[in-house]
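Inside the fold
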Amino acid sequence: FRRVLFRSDYLSQVVPLKAGNTPEAGEVYVGVERSAIDADGAVLRQQVLTSTGISLAVGAGLALVLGVLFTRPVAALAAAAQRIRDNDLTSPVPDAGPREIRELGRAMDEMRVAIQETREDLIGRNTQIAQRAEASDAGLSEATAELSVMHNVIQALRDSPADGPCTVAEQLSRLEWVDAVCV
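The sections below set out a description of the structure shown in this document. Because the structure is a prediction, the values reported are computed rather than measured. (Residues numbered from 1 in each chain as written. Predicted model: local features only at pLDDT ≥ 70, side-chain atom pairs only at ≥ 80, totals over all residues. Heavy atoms only, no water.)

Topic: the overall build of the chain
Basically, it comes down to this: Every helix listed is a DSSP run of H or I at least four residues long, and every strand listed is a run of E at least two residues long, numbered separately from the N terminus. Throughout, exposure labels follow a simple rule: accessible area from a 1.4 Å probe, protein chains only, divided by the maximum for the residue type, with under 20% read as buried, over 50% as exposed, and the rest as partly exposed. Whether two residues touch is decided by their heavy atoms; if any such pair falls within 4.5 Å, the residues are in contact.
If you tally the helices and strands in the chain, you get three helices and three strands. By the burial criterion, 11% of the 183 residues in the chain qualify as buried. Residue pairs in contact within the chain that sit at least 24 positions apart in sequence constitute 32% of those at least 6 positions apart.

So, the pattern of salt bridges
This is how it is decided: Salt-bridge detection follows one rule: a side-chain nitrogen of Lys or Arg within 4 Å of a carboxyl oxygen of Asp or Glu.
Evaluated as defined, the whole model comprises seven salt bridges. In this structure, Arg 106 and Asp 95 form a salt bridge, with 3.6 Å as the shortest nitrogen-oxygen distance. Placement of Arg 106 in helix α2 (residues 99–158) and of Asp 95 in the loop between α1 (34–85) and α2 is noted, with a sequence separation of 11 residues between them. On the basis of relative accessible area, Asp 95 is assigned to the partly exposed category, the value being 38%. In this structure, the salt-bridge partner of Arg 99 is Glu 103, at a minimum N-O distance of 3.2 Å.

Considering a nonpolar patch on the surface
Going by this rule: Each patch is built from residues that are more than 30% exposed by relative accessible area and take part in no salt bridge. Like charges join if they lie within 9 Å; nonpolar side chains (Val, Leu, Ile, Met, Phe, Trp, Tyr) join within 5 Å. Per-residue and other accessible areas follow the Shrake-Rupley method at a 1.4 Å probe size, with only the shown protein chains counted as cover for residues.
A contiguous nonpolar patch, built from Val 15, Leu 17, Val 28, Val 30, Val 32 and Ile 37 and spanning about 410 Å² of accessible area, is present on the exposed surface. Those elements that provide at least two residues to the nonpolar patch are β2 (8–17) and β3 (26–33). Mapped onto the secondary structure, Val 32 falls in strand β3.

Don't take any of this as a statement about function, it's just geometry.
So this is what it looks like as structure tokens:
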């Protein structure tokens, strides 16, 4: 019920009184001035808003701190992956941050070392192959020159005029493996 008594606004309630199974023994009237309830409601509302604001501020600060704690190690790993992509295999991969990030950093560093060792092995093998190719090229050049001389000798013998044997002897003397030529 809402009643106005003595020019004040009251909120009231009438409650019947019973004792066990007996009929009503009377009524109890409870009334509270509305301004007291409104004042308590305003205080409660202010407390709720304040605690909500503090909770939001603490939550945002905590989210920021945790975000920085988690993104820095991930950013460092991303930078290390970029260095590996750019063929910088000498810079180690950091292993800082939470356990999972450290494990990922160690795995990336092991991969970096394996790539570096494989690359050095391939460079060494390529150098050996290049040296063998140069030696083969030199041998092929020498063999080609000798085959050319032999071809010329055979041509000269086949088409030999009267002075043919002298020309053949000159051709044969150009060969490194020929010790002497007799005509």
